[in-house]
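Each chain, written out:
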Amino acid sequence: MGLGLLASRALRSSRILRSPSNGGPTYFLRTIVSTPELNNADAAAAVQGNPPPPPDLPKRNPVGGARVHFPNPDDAIEVFVDGYPVKIPKGMTVLQACEIAGVDIPRFCYHNRLSIAGNCRMCLVEVEKSPKPVASCAMPALPGMKIKTDTPIAKKAREGVMEFLLMNHPLDCPICDQGGECDLQDQSMAFGSDRGRFTEMKRSVVDKNLGPLVKTVMTRCIQCTRCVRFASEVAGVEDLGMLGRGSGEEIGTYVEKLMTSELSGNVIDICPVGALTSKPFAFKARNWELKGTESIDVTDAVGSNIRIDSRGPEVMRVVPRLNEDINEEWISDKTRFFYDGLKRQRLNDPMIRGADGRFKAVSWRDALAIVAEVMHQIKPEEIVGVAGKLSDAESMMALKDLLNKMGSNNIFCEGNGMHPNADLRSGYIMNTSISGLEKADAFLLVGTQPRVEAAMVNARIHKTVKATHAKVGYVGPAADFNYDHQHLGTGPQTLVEIAEGRHPFSSALKNAKNPVIIVGAGVFDREDKDAVFAAVDTIAKNNNVVRPDWNGLNVLLLNAAQAAALDLGLVPESDKCIDSAKFVYLMGADDVNLDKLPDDAFVVYQGHHGDRGVYRANVILPASAFTEKEGTYENTEGCAQITLPAVPTVGDARDDWKIIRALSEVAGVRLPYDSLGAIRSRIRTVAPNLLEVDERQPATFSTSLRPEVSQKVSSTPFTPAVENFYMTDAITRASKIMAQCSALLKK
Amino acid sequence: MAHMMRNMRVPPNSASLAEAKHKTLEFFRMCCRSIPEIMEIYNLYDVVSPSQLRSAVAAEVRKNSNLTNPKVIDMLLFKGMEELKNCVDHSKQRHHLVGKYVVGNQGLVQDLGHKDQGSSNFLKNFYSGNYF
Ligand code: SF4
Ligand code: FES
């Protein structure tokens, strides 16, 4: 410290000595502005004022390689950014124009998915003929505008804004979790001054309790109001708000209240400083120590794109990845915070239940030998395979092939019910596609509560409703919505009424240009499933829901494995197969109802968590979780995506498909593939769409080909398909954070 | 025995293969003669019998039975002598001997092999780990 001070003094004095400007030794007190030419910004601007040489500029590319979409080619206008001409659609802001010209403007409050607030002033740029620098994020670009982004005036303006922001921002970067990925840190390095002039005390703000997920250090807040806008515009809860004025301004919940949104975790990402950080991740790691693996979320059927940040063998956090078609840049709280479940309740050794009812760890050799032996003593039709909700397509393919080779065809995926309609792909996927929902202007939700079943789909519906005031009708049990909706009824009777045009909502559907019907996958388990779907088909036909240019008939699935399972034809031969089974192979299936299973049945559980399926198991084969393996998952809109291994497997666990392949060899019915590539070629013969990774494969035929049904709808009301949003599968049930959430936030 | 080996030095090179062979046999005999003492020092009675140890040493020797270069044989003999001296002088500990001569090179987890006979490479790899 002392040395540094001395050195800086020495530097300063030597500069005075060398300055030849005004003979005598004047007191040269260095002002706050670090770059001398900025001191006299106007003069410098005047010097620059000469018409610049006609642009002989290198071609610039938009920031982040973005593409510009011109909704109407006639509306293109031309502006000049630093002398470089760019064509932009009318209505873009100056900041967006700069981005297209390849200039990244510093910003705090502007976020391209939120409304414009214009209150941080960091994005000031100079515009020719305007007396003051303008906030580029809030200023619409006008034809012929000459924007200057790196003039001394703009630089000085930024430096000044930075100084005001840092006036009350604590200097606690060394203990701040945002350190290393903090916008304020980066921008103060790039645009800030090297010292501040404020000697008063910094203000401090009481921290708010926003619940078990978001940690607040409100003194760090710079009042950009991104979080407030996010909560009301994207999450659809008016929980956060701004209190007080001037330097007394605070972000808070008005009254002591937790943030009750299933998307609350996203405020952690959008907060440009460390005011809102992740509570479970607090003080756990620095972001530069983490290895990021681009993967897919499997806790629901949306398949949100995520990045798994790991350190060594441990998953440290999960953050979203941009995918405009699926999750935009948000993820649900379950996706973001379930990861601690990957460390608890893991199965790490093959185990066999002894005569005393306790599990004993054995070697893989012995475990597989026993399973193979038992499997051969049982009649083929008494063998049943159940794929769990987290299974990947490759292992489901292997399991189906194994069972078929053993002579059984009783295999299904939990959640699909006993009579799944696997023939027509359009009958079980989301035909409109998730991003397509934005074009809809009327929704009919049948037995589905998207808010808990697929939070990201719900966010799209919310976005649409917010943008176009689309009408939402809902048939199902009383549920919680974060947008305007009409609760039409609780049972399928209401559907029949709508189908026959007797219901007031049918006129709303009739008048809609792009109506959307979403049927929840909870309906699959109903006795009168076919009748319900028939009613839905009638509604679709009467209201022109399925047209060549628009397919608004959707099924919203619940689990990551469902769509792929149906594509691969995991359909049981008889719906009573569990009642007469003597050998059940549970591949990660924990939620299948085994009450009717005969007591002498032999149950093999292959999976990664000691969850419900293990209670009844005779043999446990430990498998790897989705963070540890490569696997294909198809989401509810029919887009296949691949998970990548981020961390090594736990203990003696093996990948799912390898276990089945090994078992097949021990059992003497060797499957003909030894690698993922070989399995995928096998999948190509069954469901080639699963190999088109990251590209949505729409269904070819529409549902109108469905056979007539004579079944009548029952009067039983629809039931909620997901009881607890935070705990839906083996991993989330093992997670402590999810348990806290369900205790505190479940309504 | 021990006193004889204490002043061990590098023996002169063998002139011919026959001489090297003779020396090898002599070395083997010396090993056999030290085995009772080694059994005593390291208290190996409950894990191994003298004859098993003898065959372990013989196996080590036979491993190199294909050598014809007297120089190489001399070198290996010297190494063997060194090992024997270490054993007799109690320079080793019990687990060294148990690990090397009683359990053998395969390690504690014995892969008896016959179970995996005829199984594919996939299965063999599967048993040994997830990553292959
Ligand atoms: S908490 Fe973060 S996101 Fe919210 S206003 Fe403050 S700085 Fe902005
Ligand atoms: S980004 Fe423009 S004012 Fe904040």
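Residues numbered from 1 in each chain as written. Chains lettered and ligands numbered in written order. Predicted model: local features only at pLDDT ≥ 70, side-chain atom pairs only at ≥ 80, totals over all residues. Heavy atoms only, no water.

Going by the annotation in an unreviewed UniProt entry, the name recorded for chain B is NADH dehydrogenase [ubiquinone] 1 alpha subcomplex subunit 6, with Datura stramonium given as the source organism. In UniProt, chain B has this text filed under Sequence similarities (unreviewed entry): "Belongs to the complex I LYR family." The UniProt entry for chain B carries the following text under Subcellular location (unreviewed entry): "Mitochondrion inner membrane". (UniProt positions renumbered as here; feature names shortened; annotations may be inferred.)

Where an unreviewed UniProt entry is consulted, chain A appears under the name NADH dehydrogenase [ubiquinone] iron-sulfur protein 1, mitochondrial, with the organism given as Datura stramonium. Among the UniProt annotations of chain A, the heading Sequence similarities (unreviewed entry) holds the following wording: "Belongs to the complex I 75 kDa subunit family."

## Points about the overall build of chain B
Within chain B, the regular secondary structure consists of six helices and zero strands. Walking chain B from its N terminus toward its C terminus, one meets helices and strands in the order α-α-α-α-α-α. Within chain B, the proportion of its 132 residues that are buried is 33%. Sequence-distant contacts in chain B: of pairs separated by 6 or more residues, those separated by 24 or more amount to 68%. (Helix = DSSP H or I, 4+ residues; strand = E, 2+ residues; numbered from the N terminus. Buried < 20%, exposed > 50% of the residue type's maximum accessible area, 1.4 Å probe, protein only. Contact = heavy atoms within 4.5 Å.)

## Concerning the site of ligand 1
Around ligand 1, a shell composed of 13 residues is seen, among which Cys 221, Cys 224, Thr 225, Cys 227 and Cys 271 of chain A lie nearest. Of the residues belonging to the shell around ligand 1, the class tally is ten nonpolar, two polar and one charged. (Near = heavy atom within 4 Å. Nonpolar A, V, L, I, M, F, W, Y, C, P; charged D, E, K, R; others polar.)

## A closer look at the interface of chain A and chain B
Size of an interface, as often reported, equals the accessible area lost when the parts are brought together. Across the boundary between the two partners, chain A contributes 20 residues, which contact 14 residues of chain B. Both faces considered, chain A and chain B share a buried interface measuring about 1,400 Å² in area, 56% of it formed by carbon and sulfur atoms. Summed over the shared surface of chain A and chain B, the number is zero salt bridges. Within the residue set of the side of chain A that touches chain B, elements represented by two or more residues are α9 (364-376) and α18 (656-666) of chain A. By residue number, the principal contributor to the side of chain A that touches chain B is α18 of chain A, which donates seven residues. Split into classes, the residues belonging to the side of chain A that touches chain B amount to nine nonpolar, one polar and ten charged. (Buried area = accessible area lost by both parts, 1.4 Å probe. Salt bridge = Lys/Arg side-chain N within 4 Å of Asp/Glu carboxyl O.)

## Thoughts on the UniProt feature "domain: 4Fe-4S Mo/W bis-MGD-type" (unreviewed entry) in chain A
Mapped onto this structure's residue numbering, the UniProt feature "domain: 4Fe-4S Mo/W bis-MGD-type" (unreviewed entry) falls at residues 290-346 of chain A. Secondary structure across residues 290-346 of chain A divides into 9% helix and 35% strand, with the first and last C-alpha atoms of the span separated by 23 Å.

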